[in-house]
Amino acid sequence: MYETIVTILLILASLGSNLKAQNSKNTWTMDECIKYAISSNLDVKNAHLDYKDSQSAMTQATAAFAPYIESSVDGNVRWGRNVDQNTNTYMQIKQFSNDYKLTASMDLFDGGKTINGWRQARLAKDKMLNDYEKKRDDIAIEVMKAYTTAVYYKSSVLLKEKKLKTSEELLRQAKIQYEIGVKSSNDVALMQSTHSADESALIAEKKNYENSIMKLKMYMSMPVREALDVDTIVKDAQVSFGADNIEEIFRYAEENNLDAKTVKLEKKYYDLSYKTSILSVLPTISVFAQVGTGYYKDLTGHSGASFSNQFESNRGEIVGMTISLPLFDRLGRSTSIKHSKIGYQKMVNQEKKVMQQLEHNIQIAIMDRDASVVEVASREKNVESTELAYQLASKKFDEGLLSALEIRSSAEDYFYAQLILLSTKLTLLNQQRLVDYYKGIKSW
């Protein structure tokens, strides 16, 4: 009987190898789930479409430097009192005329509106690219968290299955010992209660695992009916415990972190808007040129030169310059300047806030990671001690020297010690990946 208990304990102790055997060929690793999510998540796809749209806006802003060219053709029939184009006098006539015009215009100076508009379009394009990359990173981090949660519940299910087998064996022993008079009926009832509780716990944990898989699929934008199974063989995190310099990481993140880059781009955008509003009080200077011709025919007398002759002889050219300076625009420009200035000042404050939050997040991430390193070491020692205590308790129970309540308590301690160690290791994995993210190290 003792050999049976030892065999069960060895199975529990060698959890890693057993978990590996449970993993099928269809299991997904964390990196595989992240790559799938980045390529399939609808929010990421929409962010990419926004970036492509900003590229079109950038092309339009670039084209604004070119002159505006327009052509027009019109034709009309007039009757009643009109000017006779042959005599240049008013007469009661019916006539047909049409005009052909080609016009080109270009702003020589518009208060920096065109050049700043181009710069703003470029900043908007960079921001959309930044937002797209940020959305990819956000989805990757959410998938990472959801994946480790699923791994935890799957591993917990495997542990609870083995604990149920252990309680079944202990229940069988208790019944045998009751028959030979070593254990009381209360001991058998207590072991029966433990066995029932383990069955219920296993059912609940399987449900938790199913829910965690559904949440993971949601972040991945994976069809609900498609099979997904996580790989419980998670490598230990390569921890840089005690080797990270918060100031160095922050200096790197200040220039490269996507949140920091976004707020800097937005501040530049508002700065350009403010400068453009100031220059809007200056006059606008533009030039234009036009060439045109026309055709005329008196429908009453059916008189008029041929179309080919009139097309050449009626041709005229115009070249001009326009200087525009609104004297009073109902305070529109002055109000725009004040509004743009306030918007820029708010973005300066927003940049400071984001940088402060970024530094705070980096420090918290490193502190949490370091605390988890210490906790993992402590939990590993706790697993070793509870395993040894459970082995001794099992031996005494097999010899009839320990009550069912005591062996159940020892088994619970051993089981929860393993579960907490697993949870702590997965937490450490997430925390180290988060620290690596701030350092610019990503696996996706």
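No experiment lies behind these values; they were computed from the predicted model shown. (Residues numbered from 1 in each chain as written. Predicted model: local features only at pLDDT ≥ 70, side-chain atom pairs only at ≥ 80, totals over all residues. Heavy atoms only, no water.)

Draft legend 1. Structural view of the environment of Y269. For Y269, the position within the fold is in helix α8 (residues 258-279). With 75 residues separating them along the chain, Y269 and Y344 place their C-alpha atoms 8.5 Å apart. Leave out the neighbours within four places in its chain, and Y269 touches Q120 and L123. (Helix = DSSP H or I, 4+ residues; strand = E, 2+ residues; numbered from the N terminus. Contact = heavy atoms within 4.5 Å.)

Draft legend 2. Seen up close, the confidence of the model for the protein. Per-residue confidence for the protein gives a mean pLDDT of 88; residues scoring 70 or more make up 92%. Confidence drops under a pLDDT of 50 for residues 1-25, and excluding neighbours within four residues, the segment shows 43 contacts in the predicted structure. (pLDDT = per-residue confidence, 0-100.)

Draft legend 3. Region of interest: the pattern of salt bridges. The tally for this structure, following the rule as stated, stands at 22 salt bridges. As a salt-bridge pair, K163 and E412 come within 3.0 Å of each other at their nearest N and O atoms. Note that K163 is positioned in helix α5 (residues 113-179) and E412 in helix α11 (residues 404-438), a separation of 249 residues in sequence. Linked by salt bridges that have partners in common, D244, R369, D370 and K439 make up one network. (Salt bridge = Lys/Arg side-chain N within 4 Å of Asp/Glu carboxyl O.)

Draft legend 4. Looking closely at the packing of aromatic side chains. On inspection of all chains with the given rule, the structure shows 12 aromatic pairs. Both rings, one in F415 and one in Y416, keep their centres 4.9 Å apart while their planes meet at 65 degrees; by these two values the pair is edge-to-face. Ring pairing ties together the aromatic residues F96, Y100, Y295, F307 and F311, which thus form one cluster. Over the face of the ring belonging to F415 we find K163, whose NZ or CZ atom lies 6.0 Å from the ring centre. (Phe/Tyr/Trp six-rings, centres within 6.5 Å; stacked < 30°, edge-to-face > 60°. Lys NZ or Arg CZ within 6 Å of the ring centre and 35° of its normal.)

Draft legend 5. View of the packing of helix α4 (residues 42-63) against α5. Put simply, α4 and α5 touch, their axes get as near as 8 Å, and they point 170 degrees apart. Taken as axis vectors, α4 and α5 run roughly antiparallel relative to one another. Residues D43, V44, A47, H48, D50, Y51, S54, Q55, A57, M58, A61 and T62 of α4 touch α5, and the partners they reach there are G117, W118, A121, R122, A124, K125, M128, L129, Y132, K135, R136 and I139. Residues belonging to the contact of α4 with α5 are distributed by class as follows: 13 nonpolar, five polar and six charged. (Axes fitted to C-alpha atoms, helices over the stretch in contact; angles between N-to-C directions. Parallel < 35°, antiparallel > 145°, perpendicular 65-115°, else oblique. Nonpolar A, V, L, I, M, F, W, Y, C, P; charged D, E, K, R; others polar.)

Draft legend 6. Layout of the nonpolar core. Counting 49 residues, the largest nonpolar core has C33, V143, L216, M220, L228, V230 and I362 as the members making the most contacts within it. Counting residues per element, the ones that place at least two in this core are α3 (30-40), α4, α5, α6 (185-220), α7 (246-256), α8, α10 (332-398) and α11. Broken down by element, the residue count for this core peaks at 12 residues, all from α5. Apart from the residues within four sequence positions on either side, I362 is in contact with I246, I249, F250, A253 and Y438. Counting 19 residues, the second-largest nonpolar core is a separate cluster that includes L170, L171, A404 and I407. (Core = buried A, V, L, I, M, F, W, Y, C linked by side-chain atoms within 4.5 Å. Buried < 20%, exposed > 50% of the residue type's maximum accessible area, 1.4 Å probe, protein only.)

Draft legend 7. Expanded view of the packing of α7 against α8. Direction vectors running N to C along α7 and α8 enclose 45 degrees, while the axes themselves pass 6 Å from each other. Overall, the two elements α7 and α8 adopt an arrangement that is oblique. Across the interface between the two elements, A253, E254, E255 and N256 of α7 pack against L258, A260, K261 and K264 of α8. Looking at the contact of α7 with α8, its residues break down into three nonpolar, one polar and four charged.

Draft legend 8. Representation of unusual backbone geometry. Non-glycine residue S221 carries a positive phi angle of around 55 degrees. Relative to the helices and strands, S221 resides in the loop between α6 and β4 (229-230). Although it is not a glycine, L331 sits at a positive phi angle of roughly 65 degrees. You can see L331 is positioned in the loop between β6 (316-324) and α10.

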